[in-house]
Amino acid sequence: MQAVDIHALKAGEVNLGTSIMAVQFKDGVVVGADSRTTTGSYIANRVTDKLTHVHDRIYCCRSGSAADTQAVADSVHYAMQMYAQQHGAPPPVHTAASIFQKVCYENKDALSAGIIIGGWDKEVGPSVYNIPLGGGLFRQPWAIGGSGSTYVYGYCDATFQEGWGKEETVNFVKNTLSLAMSRDGSSGGVIRMCVITEDGVERLFVPGNELPRFWEGKEVLGVDPLKPRSAPGPVPMAVEV
Amino acid sequence: MAAASVYSSPGFDFSNTIRNSFLNDRGLSAPKATSTGTTIVGCLFKDGIVLGADTRATSGAIVADKNCEKIHYVTESIRCCGAGTAADTEFTTALISSNMELHALSTGRKPRVVTAMTMLKQMLFKYQGHIGAALVLGGVDATGPHLFTIHPHGSTDKLPYVTMGSGSLAAMAVFESGWRPDMEREEALQLVTAAISAGIFNDLGSGSNVDACVITASHTEMLRNFVKPNERVQKEKSYGFKRGTTAWKSEEIRSLVVSEEVTRVSDAMDTS
């Protein structure tokens, strides 16, 4: 069988370049994403919402092809509505993750979708599931994905700790995404986060000009790159007599 | 059960590809599908949605239609601008328009923009991008005004202002500097005209006139050729030839009108 490059998007397809992540904490899960959607080098949508509602306490973060992930998420959303209607109870996060896995694995040749699921249910509490390109299902305490994630594995490994509360987790997600967005060309815009707990879902928004800032080169350049330099006044021209 | 030969199998029929590649090898390339090159935009204002489009249709580098209509009817208060392959946008919007009317009759409710969006995205995704339709869908329904952009592969975005087509970058530059929330109708129309004009004058795939459509909760107003910045100047002289310029040797005049008498037999259709 010819090797299929499942990582390449088709020409003209809209790309969710992306930095996405989900982190489990004591009472719930924080899911977060950047907001950039690109077609080649043009940013088709600079305020995308990549955190998609799948059920009341289950959200998924989408990366890869916009069309593929929207279609898959819509399909799972429908399946979760049917589950809730037929069972009379909200679906477990594992069920949603399994349906996602089924679709992503069985259609792995045709899809370009990297999905992270975060949610809360009554039996297990908070949980995070990662479904990368091949369609494998991995439960993890925290998961990062998308093109921007490669730049922040080190930061996440060094920073994450078990037993955090909501505020520390939100800060962790915010900082991680900000670092990824500053280094990855396909990620940017604003940070969107959802805090999913037993009591509900809280949507958080961090505009582009309020992102946490890190090293910006002042030490090397000698100037603060964000401070406006005063315009040089008129200098008399050297004239040869 | 024997397969009925009367019905063709579903999906695209690729049998002509063998013939086409044969012709290609011998130097005869296929004619380019008419593309709408295009600048199409949509923007949200205080009372609803304003959609805009240019009117040039191209076939390769030639302008096939100088005044085509790119704002298609979906329902009474929902319209769709189409960029990409002209035939694809035309037929896709017509199909969804038809299905929307049936859906409205079936549900007994006024049609919603999200319904049209879902029908369009599911169809385009099914065809995996082979239907080259990039659409700007806008309208007002019972839940308020909505504006969507739909890409050929089936991804959608919901935004307050959108542009699509080859002139989309020029138009988006105008929107990014000029759009504000809760604009008045006149401001919104002015902004849309400026955006389409940016596409018309800076993009080779877009040209001719500006079409606009204002959709509010109460009514929809289609402003065909709202602005015509490219009207042809009057020719300096008449280039017709006087009778007698070409000499003729002989002349024969025949009447082609045959006199006919119609006799009514009966009104009833012959069902024998």
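Everything below is about the structure shown above.
A.B. asks: Just checking my understanding: could you explain the sheet that holds strand 7 (residues 133–141) of chain B for this structure?
C.D. replies: Paired through their backbone hydrogen bonds, the strands of a sheet run either parallel or antiparallel. Residue and element names in this part refer to chain B. On the basis of which strands lie adjacent, the open sheet formed by five strands has the order 5-6-7-8-9 and antiparallel pairing. Each having just a single partner strand, strand 5 (71–75) and strand 9 (156–158) make up the two edges of the open sheet. Between one strand axis and the next, the sheet turns by 25° as a mean value, whatever way the strands run. Where strand 7 meets strand 8 (residues 144–150), seven bridges bridge the pair, whose relative direction is antiparallel. Within strand 8, the position partnered with Asp141 by the bridge is Gly144.

A.B. asks: Honestly, helix 4 (residues 168–178) of chain B in this entry has me stumped. Any pointers?
C.D. replies: Since the α-helix packs 3.6 residues into each turn, any two residues three or four apart lie on the same face. For helix 4 of chain B, the set of buried residues is Ser168, Ala171, Met172 and Phe175 of chain B. Looking down the long axis of helix 4 of chain B, one finds its buried residues gathered within 100° of arc, a one-sided arrangement. Facing away from the buried side of helix 4 of chain B by over 90 degrees, the exposed positions are Leu169 and Ser177 of chain B. Those residues of helix 4 of chain B hidden inside the fold are in contact with strand 5 (42–45) of chain A together with strand 1 (40–45), strand 10 (161–164) and helix 5 (185–202) of chain B.

A.B. asks: Looking at this model, I keep getting lost on the sheet that holds strand 13 (residues 200–206) of chain A. Mind explaining?
C.D. replies: Residues and elements named next belong to chain A. Taking strand neighbours across the sheet as the criterion, the five strands line up as 11-2-3-12-13 in an open arrangement whose pairing is antiparallel. Each end of this open sheet is capped by a strand with a single partner; those strands are strand 11 (142–145) and strand 13. Geometrically, the sheet is characterised by an average inter-axis angle of 10° between neighbouring strands, direction not taken into account. Direction of pairing for strand 2 (residues 20–24) relative to strand 3 (residues 28–33): antiparallel, over a ladder of five bridges. When the bridges of strand 3 are listed, Val23 appears paired with Val30. Against the sheet, helix 4 (residues 166–183) engages strand 2, strand 3, strand 12 (191–197) and strand 13, with an angle of about 155° to strand 12.

A.B. asks: So what exactly am I meant to see when it comes to unusual backbone geometry here?
C.D. replies: Most peptide bonds adopt trans geometry, and most residues besides glycine take a negative phi value. All names here are of chain B. With phi around 65°, Ser208 is a residue other than glycine that occupies positive phi space. Of note, Ser208 is situated in the loop between helix 5 and strand 11 (210–216). On the accessibility criterion, Ser208 (12% relative accessible area) is buried. Although it is not a glycine, Asn225 sits at a positive phi angle of roughly 50°. Tracing the chain through its elements places Asn225 in strand 12 (residues 220–227). Overall, Asn225 belongs to the buried group, its relative accessible area being 17%.

A.B. asks: Explanation requested: the pairing of strand 9 (residues 125–131) of chain A in the structure shown.
C.D. replies: Put simply, side chains in a regular strand alternate between the two faces of the sheet. Residue and element names in this part refer to chain A. With seven of seven residues buried, strand 9 lies mostly within the body of the structure. Pairing analysis gives seven bridges linking strand 8 (residues 113–121) to strand 9, with the strands arranged antiparallel. Residue pairing across strands places Gly118 opposite Val128, the latter belonging to strand 9. Where strand 8 folds back onto strand 9 in an antiparallel hairpin, the turn is made up of three residues. Bridging between strand 9 and strand 10 (residues 138–140) involves three bridges; their strand directions are antiparallel. Directly across from Tyr129, in strand 10, lies its bridge partner Arg139.

A.B. asks: Please clarify how the interface of chain A and chain B should be interpreted in this entry.
C.D. replies: With 19 residues of chain A at the contact, the number on the chain B side is 16 residues. Buried surface at the junction of chain A and chain B, both sides included, amounts to about 1300 Å², of which 53% is carbon and sulfur. Across the chain A-chain B interface, the total number found is two salt bridges. Between Asp74 of chain A and Lys121 of chain B there is a salt bridge; the shortest N-O distance is 3.3 Å. Linking chain A with chain B are six residue pairs in polar contact (both at pLDDT 80 or more), by the criterion used here. Ranked by residues supplied to the side of chain A that touches chain B, first place goes to helix 1 (residues 66–87) of chain A with six residues. Class assignment of the residues belonging to the side of chain A that touches chain B gives a composition of nine nonpolar, five polar and five charged.

Cut-off values and rules
- Residues numbered from 1 in each chain as written.
- Chains lettered and ligands numbered in written order.
- Predicted model: local features only at pLDDT ≥ 70, side-chain atom pairs only at ≥ 80, totals over all residues.
- Heavy atoms only, no water.
- Pairing = 2+ DSSP bridges.
- Helix = DSSP H or I, 4+ residues; strand = E, 2+ residues; numbered from the N terminus.
- Axes fitted to C-alpha atoms, helices over the stretch in contact; angles between N-to-C directions.
- Buried < 20%, exposed > 50% of the residue type's maximum accessible area, 1.4 Å probe, protein only.
- Arc of directions from axis to C-beta.
- Contact = heavy atoms within 4.5 Å.
- Buried area = accessible area lost by both parts, 1.4 Å probe.
- Salt bridge = Lys/Arg side-chain N within 4 Å of Asp/Glu carboxyl O.
- Polar contact = N/O pair within 3.5 Å; in protein donor to acceptor, adjacent residues only side chain to side chain.
- Nonpolar A, V, L, I, M, F, W, Y, C, P; charged D, E, K, R; others polar.

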